[in-house]
Amino acid sequence: MTHPPNFVSGTVWTGDNLPIMRGINSACIDLIYLDPPFNSNEDYAAPIGSRAAGAAFKDTWTLSDIDVYEHGELAERSPAAYAVIEAARQTHGKSMMSYLIMMAVRLIEMRRILKLTGSIYLHCDDTASHYLKLLMDAVFGGKNYRNCIIWRRATSHNDPGRFGRICDHILYYTKSDAATWNDIRQPRSADSLASAYPSQDERGRYRSADLTGPKHSTDVMAPSSLPWRGYDIAPRGRVWSAPKTGTYAAYIEEHFIPGYRKIKGVHERLDALDKAGLIHHPKRGKWPGLKRYAAADAGTPPQNLILNPIGFTNYSASSKEYLGYPTQKRVEVMERLVEISSDEGDLVFDPFCGCATTLVAADRLNRQWAGIDLSPLAIKLVDQRIRDDRGALWGGVIKRDTPPLRSDLGKLPNYRTHKHRLYGEQEGVCRGCDTHFPFKVMEVDHILPRVKGGSDHYENLQLLCTHCNKSKGSKTMAQWRAAQG
Ligand SMILES: C[S@@+](CC[C@H](N)C(=O)[O-])C[C@H]1O[C@@H](n2cnc3c(N)ncnc32)[C@H](O)[C@@H]1O
């Protein structure tokens, strides 16, 4: 079931994306692209003088960066994800563990807000990509893994003692088998067409494609293993195979041989192809082949390696698109992913939007969009980039810094109405000090405070005694416990 989003297109939040995502309606987003910190153990800053000067983010992780409550919640609510994290702790140490906890709690929210037809692309590099793959399998389900796309972002790099690190990894998952997929082909260049289709006749460029297939034991007496026009291919372990279905068979039928796909028998199809001049007979020795014309080439389908023509390297400082934002990505790469995994009018979301490369791509392709970034500078750059595209008449980014209120939970009863049930479930014991109290001393508390995206939903409520509730205020349980020492 999908829900309408509870914010408008063009919204960018400044702040931590976790509480903000917790306030977003379930199943309202078509496409998520995220390019989070990679656990690179570096701190990033934009060059002075660049349009992004002042932007910075840290990418070093320790357990003190993680809300311990999230740690506990993850262990309880997502044992598969927690097992991956525990494996990372044992093999890689606490920094990787902390980073993965930070990612896991956010990925769980991303899955919730994604529509059943939605897709998610997680951009990372090989520092953590293998652990992130396992984490994504745990959260989205291994069967929903589609690809690891390799993006070559630089031509060469000198990394002493190891191979130059010039590639990023983009993990592509869908929420289900019903995900949007637009088979957008890349037109081939003239050079590539000339080398892929080296021969020429009066109809145009073509290549000679194999008209045989491997011979199976069941084919011994089959007509397809009998000689055709004097060519005896059976001794070579092959059988005849002329296309009967598929796009090229349809092309043949439409352009050269009406009713071609209805012809029964491989020899009969070969005869028809030959009569229509569609068989290439080589001068010496070799077998005949099917003429496959360049005119039927729809271009290259999306591949899991991103290279030319959509961008070989990341931007050089002189490029028009370059802002200097730390780890800025190429807009052409984003455009490709947005085109393939969403339709016009769909909602694209980037929870680590940086200088808004994804949002700019979505805007250029007439999608709706929204993003979040911790850095207040990010919002300025989003505004500026989209204004550069759209001109002064554009109304500007909608700036927010508090989580939206969920509207997909139906009309919830006042949260206080749950007090009796909670009292029964907790057997009258305060969740803060573990002490038994009479009913009237207890108060209903939001486990995740409303200011941090927590809802009035029953699952987010607990009973605390008056004293604990007052002391906790708008802190999370972890923050409150930590403050108590
Ligand atoms: C790798 S950069 C994204 C770059 C972006 N793809 C672009 O092309 O500009 C990661 C971004 O995540 C932001 N960030 C880190 N932790 C965050 C959090 N918890 N919530 C929101 N944004 C966060 C950083 O400020 C940084 O801008």
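Residues numbered from 1 in each chain as written. Predicted model: local features only at pLDDT ≥ 70, side-chain atom pairs only at ≥ 80, totals over all residues. Heavy atoms only, no water.

A count of helical and extended segments in the protein gives 14 helices and 19 strands. Relative to its 485 residues, the protein shows a buried fraction of 49%. Residue pairs in contact within the protein that sit at least 24 positions apart in sequence constitute 67% of those at least 6 positions apart. In the structure as shown, the protein presents an accessible area of about 24000 Å², 53% of it carried by carbon and sulfur atoms. (Helix = DSSP H or I, 4+ residues; strand = E, 2+ residues; numbered from the N terminus. Buried < 20%, exposed > 50% of the residue type's maximum accessible area, 1.4 Å probe, protein only. Contact = heavy atoms within 4.5 Å. Areas by Shrake-Rupley, 256 points an atom, 1.4 Å probe, with all protein chains shown as cover.)

Summed over the entire model, instances satisfying the criterion amount to 12 aromatic pairs. The interplanar angle of 50 degrees and the centroid separation of 5.9 Å between the aromatic rings of F256 and Y293 together place this pair among those described as tilted. Of this pair, F256 sits in the loop between α7 (247-255) and α8 (266-275) while Y293 sits in strand β13 (residues 289-293), and the two are 37 residues apart along the sequence. Of the residues examined, Y293 reaches a relative accessible area of 3% and is grouped as buried. (Phe/Tyr/Trp six-rings, centres within 6.5 Å; stacked < 30°, edge-to-face > 60°.)

Moving on: unusual backbone geometry. A positive phi is found at A27, a non-glycine position, where the angle reads about 45 degrees. A positive phi is found at R229, a non-glycine position, where the angle reads about 45 degrees. Note that R229 resides in the loop between β10 (212-214) and β11 (238-240). The class for R229 is partly exposed, based on a relative accessible area of 48%.

This part is about the sheet that holds strand β16 (residues 368-373). Spatially, nine strands are ordered β14-β6-β7-β5-β2-β15-β16-β1-β17 in an open sheet, and the strand pairing comes out mixed. At either end of the open sheet lies a strand with only one pairing partner, and these are β14 (305-306) and β17 (398-400). Summarising the sheet, strand β2 (residues 29-34) and strand β15 (residues 347-350) pair through two bridges and their orientation is parallel. Paired with L31 across the two strands is V348, which belongs to β15. Here helix α5 (residues 129-140) sits on the sheet in contact with β5 (114-124), β6 (145-152) and β7 (167-174), set at roughly 5 degrees to β7. In the packing of helix α10 (residues 357-364) onto the sheet, contacts are made with β1 (11-14), β2, β15 and β16, and the angle to β16 comes to roughly 170 degrees. (Pairing = 2+ DSSP bridges. Axes fitted to C-alpha atoms, helices over the stretch in contact; angles between N-to-C directions.)

This part covers the nonpolar core. Across soluble globular proteins, you tend to see nonpolar side chains buried next to one another. One finds I29, L132, L135 and F349 to be the most contacted residues of the largest nonpolar core, which totals 46 residues. No other element matches the 12 residues that helix α4 (residues 94-113) contributes to this core. Not counting residues up to four positions away in its chain, the partners in contact with L132 are Y99, L100, M103, L122, C124 and L171. Grouped together as the second largest cluster of nonpolar side chains are 29 residues, V12, Y33, W151 and L337 included. (Core = buried A, V, L, I, M, F, W, Y, C linked by side-chain atoms within 4.5 Å.)

Before going further, it helps to examine the confidence of the model for the protein. Overall, the predicted model of the protein reaches an average pLDDT of 88, with 88% of residues at or above 70. pLDDT under 50 marks residues 308-313. Its contacts with residues more than four places away, or in other chains, come to 18 contacts. (pLDDT = per-residue confidence, 0-100.)

Our next topic: the pattern of salt bridges. Where charged atoms from two side chains of opposite charge approach closely, those side chains can pair. Taken as a whole, this structure holds 26 salt bridges when the rule is applied. Between R146 and D177 there is a salt bridge, with the nearest N and O atoms lying 3.1 Å from each other. Of the two residues, R146 is situated in strand β6 and D177 in the loop between β7 and α6 (190-196); the sequence distance between them amounts to 31 residues. D177 gets classed as exposed once you look at its relative accessible area, which sits at 69%. Between R188 and D297 there is a salt bridge, with its nearest N and O atoms 2.7 Å apart. Residue R188 is found in the loop between β7 and α6, and its partner D297 is found in the loop between β13 and β14; the two are separated by 109 residues along the sequence. (Salt bridge = Lys/Arg side-chain N within 4 Å of Asp/Glu carboxyl O.)

Of all 11 residues that make up helix α9 (residues 331-341), eight are buried, and the element is covered over most of its length. Among the residues of α9, V331, V333, M334, R336, L337, V338, I340 and S341 are the ones counted as buried.

On to the environment of V331, then. Mapped onto the fold, V331 is located in helix α9. As a C-alpha pair, V331 and L359 span 28 residues in sequence and 9.3 Å in three-dimensional space.

With nine of its 11 residues buried, β5 lies for the most part within the structure. In terms of strand pairing, β2 meets β5 through five bridges, oriented parallel. Its bridge partner lying in β5, I29 is registered against L114. Bridging between β5 and β7 involves six bridges; their strand directions are antiparallel. Opposite Y121, over in β7, you have Y172 as the bridge partner.

Further remarks concern the pairing of β15. A two-sided burial pattern is seen for β15, the buried positions comprising L347 and F349 on one face and V348 and D350 on the other. In the sheet, β15 pairs with β16 via four bridges, with the strands oriented parallel. Note on β16: the bridge partner recorded for L347 is Q368. Between the parallel elements β15 and β16, the chain passes through α10 in a crossover that is right-handed. (Right-handed = clockwise from strand over helix to strand, strands pointing away.)

Attention now goes to the side chain of T357. Looking at the secondary structure, you find T357 in helix α10. You can call T357 buried: its relative accessible area is 6%.

Our focus in this paragraph is the packing of α4 against α5. Contact pair α4 / α5: the axes reach a minimum separation of 10 Å and the direction vectors enclose 35 degrees. Crossing handedness for the pair α4 and α5: right-handed. Contacts between α4 and α5 involve M96, Y99, L100, M103, A104, L107, I108, M110 and R111 on the former and, on the latter, Y131, L132, L135, M136, V139 and F140. Split by residue class, the contact of α4 with α5 holds 14 nonpolar, no polar and one charged. (Left-handed = near helix turned anticlockwise from the far one by under 90°. Nonpolar A, V, L, I, M, F, W, Y, C, P; charged D, E, K, R; others polar.)

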